[in-house]
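Residue strings, one per chain:
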Amino acid sequence: MLAAVAIVSWLFSASRLTHLSVFTIETVHIYGADADIIPSLEASALQALEGNYLGIFSRGSSFTYPVRDIVRRIKSASERIATVEVKRNNLHELAVSVTEKAPAALVCANLPDFSGNTISFSDLDTCYFADASGYIFMPAPSFSGQVYNRYYIPEISDMASSTRPVLGMRATSTAEFNALQSVYEQTSAAGINVAAILMKAGGEYELYAHNPTRQTSELAVIYFNNARPFSEELANLISFWDKVSVAARAGKEKPVFEYIDVRYGSNVFYRKVR
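So, here is what we can say about the structure in this document. (Residues numbered from 1 in each chain as written. Predicted model: local features only at pLDDT ≥ 70, side-chain atom pairs only at ≥ 80, totals over all residues. Heavy atoms only, no water.)

## Details of the overall build of the chain
Item 1. Check the secondary structure of the chain and you find 6 helices and 16 strands.
Item 2. Here the chain holds 274 residues, and 41% of them are scored as buried.
Item 3. Summing over all exposed atoms, the chain offers an accessible surface of approximately 14,400 Å²; the carbon and sulfur share of this is 55%. (Helix = DSSP H or I, 4+ residues; strand = E, 2+ residues; numbered from the N terminus. Buried < 20%, exposed > 50% of the residue type's maximum accessible area, 1.4 Å probe, protein only. Areas by Shrake-Rupley, 256 points an atom, 1.4 Å probe, with all protein chains shown as cover.)

## Topic: the sheet that holds strand 10 (residues 136-139)
Item 1. Strands sit in the order 10-9-6-11-12-13-14-15-16 across an open sheet of 9 strands; the sheet is mixed. In the strand order of this sheet, the two ends are held by strand 10 and strand 16 (267-272), each with one partner. Between one strand and the next, the sheet's axes are offset by a mean angle of 25°, whatever the strand orientation.
Item 2. Of the strand pairs in this sheet, strand 14 (residues 219-225) and strand 15 (residues 257-264) are connected by 3 bridges, and their pairing is parallel. Bridged to I222 within strand 15 is I260.
Item 3. Helix 6 (residues 230-249) contacts strand 13 (204-210), strand 14, strand 15 and strand 16 of the sheet and is inclined by roughly 140° relative to strand 15. (Pairing = 2+ DSSP bridges. Axes fitted to C-alpha atoms, helices over the stretch in contact; angles between N-to-C directions. Contact = heavy atoms within 4.5 Å.)

## Description of the nonpolar core
Item 1. One finds I156 and I260 to be the most contacted residues of the largest nonpolar core, which totals 36 residues.
Item 2. Of all the secondary structure elements, the ones that give two or more residues to this core are strand 6 (105-108), strand 9 (127-130), helix 5 (174-189), strand 12 (194-199), strand 13, strand 14, helix 6 and strand 15.
Item 3. Sorting elements by how many residues they give to this core places helix 6 first, with 6 residues.
Item 4. Other than its neighbours up to four places away in sequence, I260 contacts V221, I222, Y223, L237, F240, W241, V268, F269 and Y270.
Item 5. In terms of nonpolar packing, the next biggest core, distinct from the first, is built from 18 residues, A33, I37, A45 and L49 among them. (Core = buried A, V, L, I, M, F, W, Y, C linked by side-chain atoms within 4.5 Å.)

## What about the pattern of salt bridges?
Item 1. The tally for this structure, following the rule as stated, stands at 12 salt bridges.
Item 2. In this structure, R59 and D69 form a salt bridge, with 2.6 Å as the shortest nitrogen-oxygen distance. Separated by 10 residues along the polypeptide, R59 in the loop between strand 3 (57-58) and helix 3 (67-77) and D69 in helix 3 bring together distant segments of the chain.
Item 3. When salt bridges with common partners are traced through the structure, they connect D34, D36, R80 and E100 into a single cluster. (Salt bridge = Lys/Arg side-chain N within 4 Å of Asp/Glu carboxyl O.)

## Some points on the sheet that holds strand 1 (residues 27-31)
Item 1. Pairing is mixed in the open sheet, where 3 strands are placed in the order 1-5-4. Here the strands that pair on one side only, and so sit at the sheet edges, are strand 1 and strand 4 (81-90). Taken pair by pair, the neighbouring strands of this sheet meet at an average axis angle of 20°, ignoring direction.
Item 2. Looking at chain direction, strand 1 and strand 5 (residues 93-100) are connected through 5 bridges and run parallel. Its bridge partner being in strand 5, V28 is matched across the sheet by L94.
Item 3. Of the strands in this sheet, strand 1 and strand 4 touch helix 2 (residues 38-48), which is tilted by about 135° from strand 1.
Item 4. Set on the sheet, helix 3 makes contact with strand 1, strand 4 and strand 5; between it and strand 4 the angle comes to about 135°.

## Examining the packing of helix 5 against helix 6
Item 1. At a minimum axis distance of 11 Å, the contact between helix 5 and helix 6 shows a crossing angle of 15°. What the angle tells us is that helix 5 and helix 6 run roughly parallel. Between helix 5 and helix 6 the crossing geometry is right-handed. Every residue of helix 6 that contacts helix 5 at A179, L180, V183, Q186 and T187 is listed here: F230, L234, L237 and I238.
Item 2. Broken down by class, the residue content of the contact of helix 5 with helix 6 amounts to 7 nonpolar, 2 polar and no charged. (Parallel < 35°, antiparallel > 145°, perpendicular 65-115°, else oblique. Left-handed = near helix turned anticlockwise from the far one by under 90°. Nonpolar A, V, L, I, M, F, W, Y, C, P; charged D, E, K, R; others polar.)

## A few points about the packing of aromatic side chains
Two aromatic rings are characterised by how far apart their centres lie and by the angle between their planes.
Item 1. This structure, assessed with the given rule, holds 12 aromatic pairs.
Item 2. The interplanar angle of 50° and the centroid separation of 5.8 Å between the aromatic rings of Y151 and F177 together place this pair among those described as tilted. Residue Y151 is located in strand 11 (residues 149-152), and its partner F177 is located in helix 5; the two are separated by 26 residues in the primary sequence.
Item 3. Following the ring pairs from residue to residue traces out a cluster consisting of Y151, F177 and Y184. (Phe/Tyr/Trp six-rings, centres within 6.5 Å; stacked < 30°, edge-to-face > 60°.)

## So, the side chain of D261
Item 1. In this structure, D261 sits in strand 15.
Item 2. Residue D261 is classed as buried on the basis of its relative accessible area, which comes to 7%.
Item 3. One polar contact links D261 to R263, side chain to side chain, over a distance of 2.7 Å.
Item 4. When residues no more than four places from it in sequence are discounted, the contact partners of D261 are Y223, N267, V268 and F269. (Polar contact = N/O pair within 3.5 Å; in protein donor to acceptor, adjacent residues only side chain to side chain.)

Encoded structure:
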């Protein structure tokens, strides 16, 4: 009985201690976030401090504040948050440092708008930033241009609804997204100036690239798919492109392609505009 009384007394004393105003957290400061989302992040953190654990210990005490719940609520408050670190400034303040996600690509939920044989980047595009896993976390401004790898995925708008907005969706599976990012990087490294990639149904893709002559703004459409590894199709494309580029630099031929098709093994099919 004495032990039980001691335990109850200890719990009562500890509970009272956590409820003392001298130990109550009153302010949360957010660092590292853009100004437009700071109020919502602060509000989420303060909500995590409300109430008690098991009706006994205060969640708002500087000794017992819920770090994991604060992190969870802040990440839920904005899709743009990547990491959260919570520290106590003093007995009445928490300092929460966050980092926002870095855009890895631009994802547009519409078909490309062509002006002749070039893509027009306009306000009509409904585009978003996606992180390295393909997670869509933020609307993108119309002036983003070709700063980021650009994907057109019209199926996203079909899947979105009032209960399932585009923000918070994945552009595609992380594996497919990473594979396409690799295609982008390798083609660019090979000297192919990529404007965008269109993802179509059934594992079909269109890559829009500036013609190898570099004397025209017209784009060539490069068809590829996932029926065979991207690496094989990419190797055939780069080999073909190198031969054409060498001939163009030598002045032997300066073709402008309408399309190049690398979906059929080592055979590369193409059509010239001129």
